[in-house]
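Architecture at a glance
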Amino acid sequence: MQKEDRNSGFEHAVLSDIAFNRASLAGNELEYVADAVDCGHIAGDGPYTKRVERLLEAELSVSRALLTTSCTHALEMAALLIDLQPGDEIIAPSFTFVSTVNAFVLRGARPVFADIRPDTLNIDEKKIATLITGRTRAIFAVHYAGVGCEMDEINAIAGAHNIPVIEDNAQGIFGRYKGRRLGSLGSMAALSFHETKNFTCGEGGALLINDPAQVERAEIIREKGTNRSRFIRGQVDKYTWVDVGSSYVMSDILAAFLYAQLEARDQTIARRRSIWERYFEGLEDWSKSAGAVLPYVPPHCDQSYHLFYLLMPSEAARDSLIRKLHGYGIQSVFHYLPLHLSGKGQEYGYERGDIPVTEDLSARLLRLPFHNGLDEYQQNYIIDAIKSGAA
Ligand SMILES: *Cc1c(COP(=O)(O)O)cnc(C)c1O
């Protein structure tokens, strides 16, 4: 019996549970954090914040990058920048993280949900035009899994109505659409450096601004409604209250950590790419026999390798695969419960059946463990577990 076990492969592999996500150091994080403390500047806008912001501006081709305490806060800043008023509407996918919408609901906006494309799970650009009204103040492009939305079409529709497009690029840093960087394609974009994202400092984010006319006001909103940024640059001799705002500035301790993560971006991207490709190659044949669908990346998009999902043939098949993997000590999770069906979303009068592609796909989707520290051995174990027995 012992002998058989040895040859039966993964089933007897001794593994501790495989976490869905786990943060890891990429290089100089702890050294830079110590350096930030030594420099004596651990509040915001210190030397490491400047380094990260210049790196993001250069690499992502944006006018201005402002580090924030989270992606959610970057989105809240965007809501203040577009002067959202109660009763205004925003168009966003229902298949997204709650913050995409909540940052705007906080200012009194009403979310109008668009359905997604069945192939990329991004907002369906063909379904946006009919949702535009005289009160629409923003259209959201959430680059799901770091695969670009159809930005040319979305910008054309928005431009015809003079409505800004805001990119929620929490998942897509360093991805490209038709050769252009995600985050540089709308009027503004939000990034996340939460521990679940490709590059992290625990909690953090950034607002990217592509319209230079918005930069000064964004700096004010981020600095509690004061012109402190101009004061620091010596452009005014005292700083004072000039506008609405809040406290959205990231500590330089976190920026130091983040700078080390971003410096190692080439290795991290290569690492994530190999994880993604190993899943794809390992599961391609299985997916055909199991009636499952693997992620689709259009040829004109370079993805960020943020996550790997499976679309199972039914909700029951999805749930049973999650349970089966759990039995093997593997954490897999679903993603997202559609916002229009949530308790809060229901307040806007949506019913089941209103946004059919989103409802169908979100019930059949599961995400596999995906993080920089996932090794080949663990990945093969996961792939073998998926392929074993009945799906
Ligand atoms: C992670 C995520 C956010 C929120 O990021 P925080 O930094 O945690 O606020 C927003 N939108 C999307 C699409 C995300 O994936």
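The structure this text deals with has already been given above.
Residues numbered from 1 in each chain as written. Predicted model: local features only at pLDDT ≥ 70, side-chain atom pairs only at ≥ 80, totals over all residues. Heavy atoms only, no water.

Considering the overall build of the protein
The cut-off we apply is this: Secondary structure counts use DSSP, requiring at least four H or I residues in a row for a helix and at least two E residues in a row for a strand, with both numbered from the N terminus. We call a residue buried when its accessible area falls under 20% of the maximum for its residue type, exposed when it is over 50%, and partly exposed in between, using a 1.4 Å probe and counting protein chains only. By definition in these notes, contact holds between two residues if any of their heavy atoms fall within 4.5 Å. We get accessible surface area from the Shrake-Rupley algorithm with a probe of 1.4 Å; when it comes to residues, only the shown protein chains can shield them.
Looking only at helices and strands, the protein features 13 helices and twelve strands. Overall, the C-alpha framework of the protein stretches about 80 × 55 × 35 Å when taken along its three principal axes. Put simply, the protein has 391 residues, and 55% of those count as buried. Pairs at least 24 residues apart make up 70% of the contacts formed inside the protein by residues separated by at least 6 positions. When the accessible area of the protein is evaluated, it comes to approximately 16800 Å², of which 51% is carbon and sulfur surface.

Remarks on a nonpolar patch on the surface
Applicable threshold: To count toward a patch, a residue needs a relative accessible area over 30% and no salt bridge; like charges are then connected within 9 Å, while nonpolar side chains (Val, Leu, Ile, Met, Phe, Trp, Tyr) are connected within 5 Å. A side-chain nitrogen of Lys or Arg and a carboxyl oxygen of Asp or Glu constitute a salt bridge if their distance falls within 4 Å.
A cluster of nonpolar side chains, F231, I232 and Y239, forms an exposed patch at the surface whose accessible area comes to about 280 Å². Looking at the secondary structure, you find I232 in helix α8 (residues 228-232). You can call I232 partly exposed: its relative accessible area is 45%.

Digging into the environment of N155
Worth spelling out the cut-off: Nitrogen and oxygen atoms within 3.5 Å of one another constitute a polar contact, given that in protein one can donate a hydrogen and the other can accept it, and given that sequence-neighbouring residues count only through two side-chain atoms.
Tracing the chain through its elements places N155 in helix α6 (residues 151-160). Residues N155 and R273, 118 residues apart in the sequence, show an inter-C-alpha distance of 29 Å. Ignoring anything within four residues of it in the chain, the contact list for N155 reads V165 and L185. A distance of 3.0 Å separates a polar atom in the side chain of N155 from the backbone oxygen of L185.

Some remarks on the site of the ligand
Formally: For this purpose, a residue is taken to be near a molecule or strand whenever a single non-hydrogen atom of the residue falls within 4 Å of it.
Around the ligand, a shell composed of 14 residues is seen, among which T72, D168, Q171, S192 and K197 lie nearest. Take D168: an N or O atom from its side chain is 2.8 Å from a nitrogen atom of the ligand. In isolation the ligand exposes 390 Å². Once the protein is present, 92% of that is buried.

A look at helix α13 (residues 376-387)
Filter applied, for reference: Expected span of a helix, by definition, is 1.5 Å for each gap between consecutive residues, and there is one gap fewer than residues.
End to end, α13 covers 16 Å across twelve residues, agreeing with the expected 16 Å (1.5 Å per residue, within 8%). Taken residue by residue, α13 has Q378, Q379, Y381, I382, I383, A385 and I386 as its buried positions. Considering only its buried residues, α13 is in contact with α10 (265-290), β11 (309-311) and α11 (315-327). The backbone nitrogen of Y377 has a side-chain oxygen 3.2 Å away, supplied by the residue at the start of α13, namely D375.

Structural notes on the pairing of strand β4 (residues 136-142)
The criterion, for reference: When DSSP locates at least two bridges between a pair of strands, those strands are taken to pair. A right-handed crossover is one whose linking path, passing over the helix from the first strand to the second, runs clockwise when the strands point away from the viewer.
With six of seven residues buried, β4 is to be regarded as a mostly interior element. In terms of strand pairing, strand β2 (residues 89-93) meets β4 through three bridges, oriented parallel. Within the sheet, the bridge partner assigned to E89 lies in β4 and is T136. Here four bridges tie β4 to strand β5 (residues 165-168), and the two strands are oriented parallel to one another. Each residue of the ladder has a partner; that of A141, found in β5, is E167. Following the backbone out of β4, through α6 and into the adjacent parallel β5, one traces a crossover that is right-handed.

Some points on the layout of surface pockets
Filter applied, for reference: Cavity: a set of points on a 1 Å grid over the protein atoms alone where a 1.4 Å probe fits but cannot get out. Pocket: an open set with protein on both sides within 12 Å along at least five of seven lines, its lining residues, like those of a cavity, having an atom within 4 Å of a point. Grid points are joined across faces, edges and corners, and a volume is the space filled by probe spheres set on the points.
If you add up the space inside the largest pocket, you get close to 380 Å³. Taken together, 24 residues line the largest pocket, and the ones lying closest to its centre are F97, S192, H194, T196 and K197. Listed by contribution, the elements that provide at least two residues to the lining of the largest pocket are α4 (71-81) and α5 (98-105). Top element by residues in the lining of the largest pocket is α4. It accounts for three residues.

Things to note about unusual backbone geometry
Of note in this structure, L121 is not a glycine but carries a positive phi near 65°. Inspection of the secondary structure assignment puts L121 in the loop between β3 (110-114) and β4. L121 sits in the buried class, given a relative accessible area of 1%. Positive phi, close to 60°, is recorded for N162, a residue that is not glycine. For N162, the location among the structural elements is in the loop between α6 and β5.

Here's the deal with the sheet that holds strand β6 (residues 176-177)
The strand order across the open sheet built from three strands is β7-β6-β10, with neighbouring strands paired in antiparallel fashion. Two strands in the sheet have a free side with no partner beyond their single neighbour: β7 (180-181) and β10 (301-302). By the bridge criterion, two bridges tie β6 to β10 in an arrangement that is antiparallel. Opposite R176, over in β10, you have D302 as the bridge partner.

Describing empty space enclosed by the protein
Selection rule: In this classification, Asp, Glu, Lys and Arg are treated as charged, Ala, Val, Leu, Ile, Met, Phe, Trp, Tyr, Cys and Pro as nonpolar, and every other residue, Gly included, as polar.
One pass over the full model with this rule turns up five cavities of 30 Å³ or more. Taken as a whole, the largest cavity spans an internal volume of roughly 90 Å³. If you go around the largest cavity, you meet 13 residues; those closest to its centre are R22, A23, K197, N198 and N372. Residue composition of the lining of the largest cavity, by class: one nonpolar, eight polar and four charged.

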